[in-house]
Amino acid sequence: MITRRHALKNLALATGSVALAPVLVHAQAPAAAPAAPAMEGVFKLPPLGYDYNALEPYIDADTMKIHHDKHHAAYVSKLNVAIAGAPGLEKKSIEEILSNLDAVPEAVRTEIRNQGGGHANHSLFWQILKKNENGKPSGDLAKAIDVNFGSFDKFQDAFNAAAAKVFGSGWAWLVWKDKKLGVESSANQDSPLSSGGVPLMGIDVWEHAYYLKYQNRRPDYIKAFQNVINWDFVADRYSKVSKA
């Protein structure tokens, strides 16, 4: 029987010893953005996997470049510093670490929660993005959304509301938790993994994710985001975790 722990390992987005699966990284666009400078340490900055302008006009190239090459890179760098202060954690995936923060030494727990969450959240974020205007889920995921939310439109309403209501910086998520789909939000870089869920898809509502194009108009960014969700990737992720 596949356990939740095994499912998390199968869904691992970035670990010290296992690179992101090429099929997930490169399937979204034929040309890959230039790789950021190599990071020192156990955890690595994953490649974006597509051009910075691949999501325009919904998310602009400048935002993608700064978001990936600067913000995510900073989370990885700081996470590696924190991990160095907790011998033994370097052998675990970031998903395993975030799923059991109580086991992290208290001296570095907050830093690993923040920086590790930033790394895990963004590693998933790049993979769920693909220009997909008016896209919708299909197959088992579409059926599960209908069962859990009533319809895709009702899911979108719940998801968009969760994203709009985040106070300050954070995320809104479609999660698999307690054997069902749900929508929740998290503050800062907290991950649903830390509260017993598995994130399937999420929107970053930190200002660095949208301010260059949308300024203070977060609702416009949330609306535009619906056109850049790689529902095939989300459906595959749902298929794996729901069978665990």
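Remember, predicted model here, so these are calculated numbers, not experimental data.

This next bit is on the sheet that holds strand E1 (residues 170–177). Strands belonging to one sheet form pairs held by backbone hydrogen bonds; the direction of such a pair is parallel or antiparallel. If you walk across this open sheet you meet the three strands as E2-E1-E3, and the pairing is antiparallel. In the strand order of this sheet, the two ends are held by strand E2 (180–187) and strand E3 (198–204), each with one partner. In this sheet, neighbouring strand axes are inclined to one another by 25° on average, regardless of whether the strands run parallel or antiparallel. Seen against the sheet, helix H5 (residues 106–127) touches E1 and E3 and runs at an angle of roughly 80° to E3. Each of E1 and E2 is contacted by helix H6 (residues 139–149), which is oriented at about 80° to E2, the strand it contacts most.

Topologically, Ser 123 is positioned in helix H5. A relative accessible area of 1% means that Ser 123 is categorised as buried.

Attention now moves to the pattern of salt bridges. Summed over all chains, the structure comprises five salt bridges. Asp 190 serves as the salt-bridge partner of Arg 113, at 2.7 Å between the closest nitrogen and oxygen. Here Arg 113 is found in helix H5, whereas its partner Asp 190 is found in the loop between E2 and E3, with 77 residues between them in sequence. Given a relative accessible area of 39%, Arg 113 falls into the partly exposed group. Relative accessible area serves as the criterion here: at 17%, Asp 190 is assigned to the buried category. With a closest N to O distance of 3.9 Å, Glu 184 and Lys 177 form a salt bridge. Residue classification places Lys 177 among the partly exposed positions, given a relative accessible area of 23%.

Thresholds, definitions, all that
Residues numbered from 1 in each chain as written. Predicted model: local features only at pLDDT ≥ 70, side-chain atom pairs only at ≥ 80, totals over all residues. Heavy atoms only, no water. Pairing = 2+ DSSP bridges. Helix = DSSP H or I, 4+ residues; strand = E, 2+ residues; numbered from the N terminus. Axes fitted to C-alpha atoms, helices over the stretch in contact; angles between N-to-C directions. Contact = heavy atoms within 4.5 Å. Buried < 20%, exposed > 50% of the residue type's maximum accessible area, 1.4 Å probe, protein only. Salt bridge = Lys/Arg side-chain N within 4 Å of Asp/Glu carboxyl O.

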